[in-house]
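Below, each chain spelled out in residue letters.
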Amino acid sequence: MQTHELIAHGAYPPLEVSAVSAWVVSRDGNWLRLRWRIEGSGKLMVPPFAGKGRADELWRTTCFELFLKPDGGDAYCEFNLSPSERWAAYDFSSPREGMKDRSSPREPECTMRQGSSFAIFDAAIPAGALPAGDCFAGITCVLEEEGAIKSFWALAHSQDEPDFHDHACFTARLVAPTPA
């Protein structure tokens, strides 16, 4: 299990969130399973349950994201996963260019649990929605807290403003599953 510590962008500090960790729990021929743990989640705003289905602009409130860039070239894909159970997936030909919906054989699974001082968001993305082979990965989240305070968390930030599409943020490796 790969563990990653996310970093809040300095221009948008959180209110009470003190840390975000993300795990690639598993990847097999059926699912990619991910987990985010948010420390200091007492003022976290969680979008209300909306049921499964695609939706755009999920990043405008608390949302968890995964960017995958196959080896070679500039093309990559983005997955937006909401505690509301809504989701989106997009393909890009290069950073923020050529956006189109990415197909998925079934909908991702998303669940959120909140404790007294932390929250856990689990997501499972169908393997058929993922690029084949090994990928560079950007694991991110937008967290909205009370008072419309948003913080932007990523593995790395390289610009004055948050930009999860910047390939410099894709610092993790996601290895393709070994065929059984």
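Residues numbered from 1 in each chain as written. Predicted model: local features only at pLDDT ≥ 70, side-chain atom pairs only at ≥ 80, totals over all residues. Heavy atoms only, no water.

## Digging into the overall build of the protein chain
Here is step 1: Across its full length, the protein chain carries zero helices and 13 strands.
Here is step 2: For the protein chain, the N- to C-terminal ordering of α and β elements is β-β-β-β-β-β-β-β-β-β-β-β-β.
Here is step 3: Its C-alpha radius of gyration of 15 Å places the protein chain within 12% of the 16 Å reference for a compact globule of 180 residues.
Here is step 4: Across the protein chain, contacts joining residues at least 24 apart in sequence account for 61% of those joining residues at least 6 apart.
Here is step 5: When the accessible surface of the protein chain is summed, it comes to about 8300 Å², and 51% of that surface belongs to carbon and sulfur atoms.
Here is step 6: Taken as two groups, the 17 positive and 25 negative side-chain charges of the protein chain have centres that lie 6 Å from each other. (Helix = DSSP H or I, 4+ residues; strand = E, 2+ residues; numbered from the N terminus. Rg over C-alpha atoms; globule rule 2.2 N^0.38 Å. Contact = heavy atoms within 4.5 Å. Areas by Shrake-Rupley, 256 points an atom, 1.4 Å probe, with all protein chains shown as cover. Lys, Arg positive; Asp, Glu negative; His and termini not counted. Charge placed at Lys NZ, Arg CZ, Asp CG, Glu CD.)

## A short note on the pattern of salt bridges
Here is step 1: Summed over all chains, the structure comprises twelve salt bridges.
Here is step 2: Here E109 and K52 are joined by a salt bridge, their closest N and O atoms 3.4 Å apart. Here E109 is found in strand 9 (residues 109–114), whereas its partner K52 is found in the loop between strand 3 (31–39) and strand 4 (53–54), with 57 residues between them in sequence. (Salt bridge = Lys/Arg side-chain N within 4 Å of Asp/Glu carboxyl O.)

## Re the environment of A148
Here is step 1: Counting through the fold element by element, A148 comes out in the loop between strand 11 (135–145) and strand 12 (149–154).
Here is step 2: C-alpha separation for the pair A148 and M45, spaced 103 residues apart in sequence, amounts to 8.5 Å.

## Describing unusual backbone geometry
For residues that are not glycine, phi is negative in most cases, and the peptide bond is trans in most cases.
Here is step 1: Within the chain, E57 stands out as a residue other than glycine whose phi angle is a positive 60°.
Here is step 2: Assessed through its relative accessible area of 46%, E57 is described here as partly exposed.
Here is step 3: The residue E85 is not glycine, and still its phi comes out positive at about 85°.
Here is step 4: With respect to the helices, strands and loops of the structure, E85 is situated in the loop between strand 6 (76–81) and strand 7 (86–92). (Buried < 20%, exposed > 50% of the residue type's maximum accessible area, 1.4 Å probe, protein only.)

## Observations regarding the packing of aromatic side chains
Here is step 1: This structure, assessed with the given rule, holds eleven aromatic pairs.
Here is step 2: Ring geometry for F67 versus F170: centroids 5.7 Å apart, planes at 25°, classification stacked. Here F67, found in strand 5 (residues 63–70), pairs with F170, found in the loop between strand 12 and strand 13 (172–174); they are 103 residues apart in sequence, far enough to count as distant. As far as the burial class goes, F67 and F170 line up, both buried. (Phe/Tyr/Trp six-rings, centres within 6.5 Å; stacked < 30°, edge-to-face > 60°.)

## Here's the deal with the nonpolar core
Where a protein is soluble and globular, its nonpolar side chains tend to be buried together.
Here is step 1: Grouped together as the largest cluster of nonpolar side chains are 35 residues, with contacts concentrated most on V20, W36, L66, L68, F79 and L143.
Here is step 2: Considering each element in turn, this core owes the most residues, five residues, to strand 11.
Here is step 3: Those residues in contact with F79, other than ones at most four positions away along the chain, are F64, E65, L66, L68, A88, A89, R102, I125, A129 and L130.
Here is step 4: Within the second largest apolar cluster, 13 residues are counted, among which are L58, A88, F152 and A154. (Core = buried A, V, L, I, M, F, W, Y, C linked by side-chain atoms within 4.5 Å.)

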